[in-house]
Amino acid sequence: MDDPTHKHEQPTRSYWRWSKKDFFPEESFQDMASYRTAISHTYLRLKDRLLTRSSDQNEIFLLQESENALKKCLTWWDLAWMSFGSVVGSGIFVITGLETRQTAGPAIILSYAVSGLSALLSVLCYTEFAVEIPVAGGSFSYLRVELGDFVAFIAAANILLESIVGAAGLARSWSSYFASMISSNTDFLRIRVSHFAEGFNLLDPIAVVVLLIADGIAVSGTRRTSILNWVSSALSFMIILFIIVIGFIRGKSSNLVPFFPYGGKGVFKAAAVVYWSYTGFDTVATMAEETKNPTRDIPLGFIGSMSMITVVYCLMALVLCMMQKYSEIDPNAAYSVVFESLGMKWAKYLVSICALKGMTTSMLIGGLGQARYMTHIARSHMIPPWFALVHPRTGTPINATLLLAIPGALIALFSSLDVLSNIFSFCTLLIFTLMAVALLVRRYYVKDTTVKGDLIKFQACLFVIIGSSILITALWNSSMTGWIGLAVAASIWFLGTLGMGLLPKQRVPSVWGVPLVPWLPSLSIGMNLFLIGSLGWVAFWRFFVCSAVMLIYYLLVGVHATYDVAHHIQQDNKTEEGIINRGTE
């Protein structure tokens, strides 16, 4: 049998096709009678999908759904700069001043360090999975293999929703920054329509054009996009170095006192917010399928870039607090204003250019990576497989890119996104928590191999780790916080992790693996849940509402399509086994 990762046959049909069979080829959607039958079996099918996990081999087998292969053209250098370009966007320039002034003070440096450590732990988990399952699905594929279809769908659906809103938000921010370089009015380039409701009455054609151009570059070719990204990111890195050097030269250590004006809670509350500045590397994980040498390039690219980004962020936060007293920092345009206060008005244009570049590459890499994410979801038939098709000439998933670009552009045109500014928060941290859980499951449980006693012990330890992490978070955020309670909860977490460490591992990574398992994944679970607990109740409400809407789609479409595909594959495997058995008789 041909290896699907190298299969690159020319399709016999046109890429641009629109028949019903291209969107819904499954048996459940052949006609209304078939669909009614499928709906009547929803409970049994949902139970099957909840209890069934995918496999490494199945995820790789699904690559043939795209008809044409994604081109393997990336090295560790490309991945490192993609991570930098995707992660280092406007976040560091937009939220650092706000959180320093209102939440953490000079201790914002520690907030970035805490968030960076949490992000790095998640990067380690992503790296192990990406090396062993080098497909475009990213966290969707990894969660599907270890935690099942349903968990993977809920996680993927929320991330994709935030990706659309996030891209629109970046496009609107790009327009605002660009307008601020021309006029003091950031709405200068927008068109006001009095008939529309407040918040939707400022049309932003610039944001639409910028977003569509970024997605257009992304579909033109992965290698071309990568080169453009690392060249522009290198220039941005030079500007950031300039900011750091000037900060140390002109800054005063006396501005760092008091270091904890808002106490320890302020540090962690700010850490939950500034975590947004680290999001984006999970998007780059979807590029594993296009990496030339995944076993070498992925660990070097991911871990190296995230380590560098954490150091850069901490230094940028440090020099900001050194150049100006935290109580005087402008919450909206901190770096631009601080340079102007130092008599370096020209430097604010460098900051604006760097921020514009950051938002541009974030949109560029976001469009590139999220389209791959969508492609693999379509390969599994959770959404129509038409979106899994890869164009034979460009080697990119044009259909999947359009599925994200069009709604993103519409939102960017109409919505001010004031309420949706907190993108990539709750869902991102939840995904990273699930990834750490999935890694522990991968190491300690193998179906038909792990004995029942060890499985029960593993489940108990996992329950203790998650439960104690939630308890620590609840105690920290309660009005009756006491160190004794926190110490007891932390001891329970320690004992749960220690107990899991004493269990026999059922799987050892073949090439590269996260060190110090279960300690690092357990710490990642604790830190991510702690940061989630620092978010407001609105974030929880939005997550549950969106998940409920997505659940309706899953029950009406997703569960039936994936059930049909899974059982069709099982039937094909049985048929092949029968042929092989007859041939050996």
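The next thing to look at is the overall build of the protein. Broken down by element type, the protein carries 22 helices and two strands. The C-alpha radius of gyration computed for the protein amounts to 24 Å, which stays within 12% of the reference 25 Å derived for 585 residues, consistent with globular compactness. Principal axes of the C-alpha set define a box for the protein whose edges measure 85 × 55 × 45 Å. The contacts of the protein with a sequence gap of at least 6 include a subset with a gap of at least 24, amounting to 85%. On the protein, roughly 24700 Å² of surface is accessible, and the fraction owed to carbon and sulfur atoms is 68%. Side chains of the protein give 42 positive and 38 negative charges; the mean places of these two sets differ by 5 Å.

This part covers the packing of helix α20 (residues 483-501) against helix α21 (residues 519-533). α21 packs onto α20 with a crossing angle of 145 degrees between their chain directions and a minimal axis gap of 10 Å. Along this stretch, α20 crosses α21, giving a crossing that reads as right-handed. Contact with α20, carried on its side by W493, F494, T497 and L498, involves W519, S522 and L523 of α21 and no other residues of that element. Classifying every residue of the contact of α20 with α21 by side-chain character gives five nonpolar, two polar and no charged.

Take helix α16 (residues 347-379) next. Across its 33 residues, α16 extends 48 Å between first and last C-alpha, which sits within 8% of the 48 Å expected from 1.5 Å per residue. Counting buried positions along α16 yields 28 of 33 residues, so the element is predominantly enclosed. Note on α16: the residue one or two positions beyond its end, H381, has a positive phi of about 70 degrees.

It is worth spelling out the nonpolar core at this point. In this structure, F93, I108, Y112, M316, Y335 and F339 are the most contacted members of the largest nonpolar core, which totals 157 residues. Aside from chain neighbours lying at most four places away, what touches F93 is Y177, I243, M316, Y335, V351, C354 and A355. Listed in part, the five residues of the second largest apolar core include I472, W476, L486 and A489.

What follows is about the state of the cysteines. In the structure shown here, the tally under the stated rule is zero disulfides. The structure places no disulfide on C125, whose sulfur is separated from the nearest cysteine sulfur, that of C461, by 18 Å. Residue classification places C125 among the buried positions, given a relative accessible area of 1%. Judged by its relative accessible area of 13%, C461 is buried.

Moving on, we come to a nonpolar patch on the surface. Taken together, the side chains of W16, W18, F196, F200, L402, I406, L410 and F414 make up a nonpolar region of the molecular surface, amounting to roughly 810 Å² of accessible area. Considering the arrangement of structural elements, one finds W18 in the segment before α1 (20-23). Judged by relative accessible area, which is 57%, W18 ranks as exposed.

Let us now look at the side chain of S232. Turning to its location among the elements, S232 is positioned in helix α11 (residues 222-250). On the basis of relative accessibility, which here comes to 18%, the residue S232 falls in the buried class. Setting aside its immediate chain neighbours within four residues, S232 contacts K357 and T361.

Under the defined criterion, the tally for this structure stands at 18 salt bridges. The salt bridge involving D204 is made with R172; its shortest N-O contact spans 3.7 Å. With D204 in the loop between β2 (202-203) and α10 (205-220) and R172 in helix α9 (residues 149-180), this residue pair connects regions lying 32 residues apart in the sequence. Just as D204 is buried, R172 falls in that class too. We note a salt bridge from R379 to E289, for which the minimum N-O separation is 2.8 Å. Of this pair, R379 sits in helix α16 while E289 sits in the loop between α13 (281-284) and α14 (294-323), and the two are 90 residues apart along the sequence. Exposure remark for R379: the relative accessible area of 0% places this residue in the buried category. For E289, a relative accessible area of 5% puts it in the buried group. Through salt bridges that share partners, D48, R49, E59, R144 and D149 make up one connected network.

The next thing to look at is the confidence of the model for the protein. The predicted model of the protein averages 85 in pLDDT, with 92% of residues at 70 or higher. Note on residues 1-11: pLDDT is under 50 here. Beyond four places in sequence and across chains, it has 19 contacts. Here residues 419-423 scores under 50 on pLDDT; set against residues more than four positions off or in separate chains, the count is six contacts.

Let us now look at the packing of aromatic side chains. The relative placement of two aromatic rings is captured by the distance of their centres and the angle of their planes. The full count for this structure, using the stated rule, is 37 aromatic pairs. A ring pair is formed by F242 and F339, whose centres lie 6.4 Å apart and whose planes are at 20 degrees; its orientation type is stacked. Highlighted residues: F242 in helix α11 and F339 in helix α15 (residues 334-341), separated in sequence by 97 residues. Its relative accessible area of 24% is what places F242 among the partly exposed residues. Residue classification places F339 among the buried positions, given a relative accessible area of 0%. Between the aromatic rings of Y444 and F458, the centroid separation amounts to 5.7 Å while the plane-to-plane angle is 20 degrees, which identifies the pairing as stacked. Of this pair, Y444 sits in helix α18 (residues 426-444) while F458 sits in helix α19 (residues 452-477), and the two are 14 residues apart along the sequence. Here Y444 falls in the buried class, since its relative accessible area comes to 3%. Given the relative accessible area of 4%, F458 is considered buried.

α16 packs onto α11 with a crossing angle of 150 degrees between their chain directions and a minimal axis gap of 10 Å. Regarding the angle of α11 to α16, the classification is roughly antiparallel. In this structure, α11 crosses over α16, and the sense of that crossing is left-handed. On α16, the residues that touch T222, T225, L228, N229, S232, S233, S236, I239, I240, F242 and I243 of α11 are A347, L350, V351, C354, K357, T361, L364, I365, L368 and R372. Here the contact of α11 with α16 is composed, by residue class, of twelve nonpolar, seven polar and two charged.

The rules we used
Residues numbered from 1 in each chain as written. Predicted model: local features only at pLDDT ≥ 70, side-chain atom pairs only at ≥ 80, totals over all residues. Heavy atoms only, no water. Helix = DSSP H or I, 4+ residues; strand = E, 2+ residues; numbered from the N terminus. Rg over C-alpha atoms; globule rule 2.2 N^0.38 Å. Contact = heavy atoms within 4.5 Å. Areas by Shrake-Rupley, 256 points an atom, 1.4 Å probe, with all protein chains shown as cover. Lys, Arg positive; Asp, Glu negative; His and termini not counted. Charge placed at Lys NZ, Arg CZ, Asp CG, Glu CD. Axes fitted to C-alpha atoms, helices over the stretch in contact; angles between N-to-C directions. Left-handed = near helix turned anticlockwise from the far one by under 90°. Nonpolar A, V, L, I, M, F, W, Y, C, P; charged D, E, K, R; others polar. Expected span 1.5 Å × (residues − 1). Buried < 20%, exposed > 50% of the residue type's maximum accessible area, 1.4 Å probe, protein only. Core = buried A, V, L, I, M, F, W, Y, C linked by side-chain atoms within 4.5 Å. Disulfide = S-S within 2.5 Å. Patch = residues over 30% accessible without salt bridge, like charges linked within 9 Å, V, L, I, M, F, W, Y side chains within 5 Å. Salt bridge = Lys/Arg side-chain N within 4 Å of Asp/Glu carboxyl O. pLDDT = per-residue confidence, 0-100. Phe/Tyr/Trp six-rings, centres within 6.5 Å; stacked < 30°, edge-to-face > 60°. Parallel < 35°, antiparallel > 145°, perpendicular 65-115°, else oblique.

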